[in-house]
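For reference, the chains in residue letters:
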Amino acid sequence: MAYFTWKEAGLTADCASLEAMASRFEEAAALMRRMAAEGFVLERHSDGQHITHGDASVFAAYGFIDEQSPVRQLSLINPDA
């Protein structure tokens, strides 16, 4: 299943005010709620939190980059498609 790792390391680092920080958090929260409504889920793994979706086309429509190993990605390709 396609995934990417959520690592927040600077969402508000460039904000100049508390209002700007709040706005940034609200934008991120709105995106996360939309993703949850469209079927994305958060999974905890030893290497961090992975955000996944069972439908590769939905995952790709968001423009996310799949972090699975290339070998695993190749095994997901349907040769008959």
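Fair warning: this is a prediction, and the values are worked out from it, not measured in the lab.

A. Representation of the pattern of salt bridges in the model. With the rule as written, the count across this model stands at 2 salt bridges. With a closest N to O distance of 3.0 Å, arginine 24 and aspartate 14 form a salt bridge. A residue pair is termed long-range when its members are at least 10 positions apart, and arginine 24 in helix α1 (residues 18-37) and aspartate 14 in the loop between β1 (3-6) and α1 qualify at 10 residues. Owing to a relative accessible area of 26%, arginine 24 belongs among the partly exposed residues under this scheme. For aspartate 14, a relative accessible area of 57% translates into the label exposed. The residue glutamate 38 makes a salt bridge to arginine 34 at a minimum N-O spacing of 3.8 Å. Under the relative-accessibility criterion, glutamate 38 is labelled partly exposed at 39%.

Basis of the calculations
Residues numbered from 1 in each chain as written. Predicted model: local features only at pLDDT ≥ 70, side-chain atom pairs only at ≥ 80, totals over all residues. Heavy atoms only, no water. Salt bridge = Lys/Arg side-chain N within 4 Å of Asp/Glu carboxyl O. Helix = DSSP H or I, 4+ residues; strand = E, 2+ residues; numbered from the N terminus. Buried < 20%, exposed > 50% of the residue type's maximum accessible area, 1.4 Å probe, protein only.

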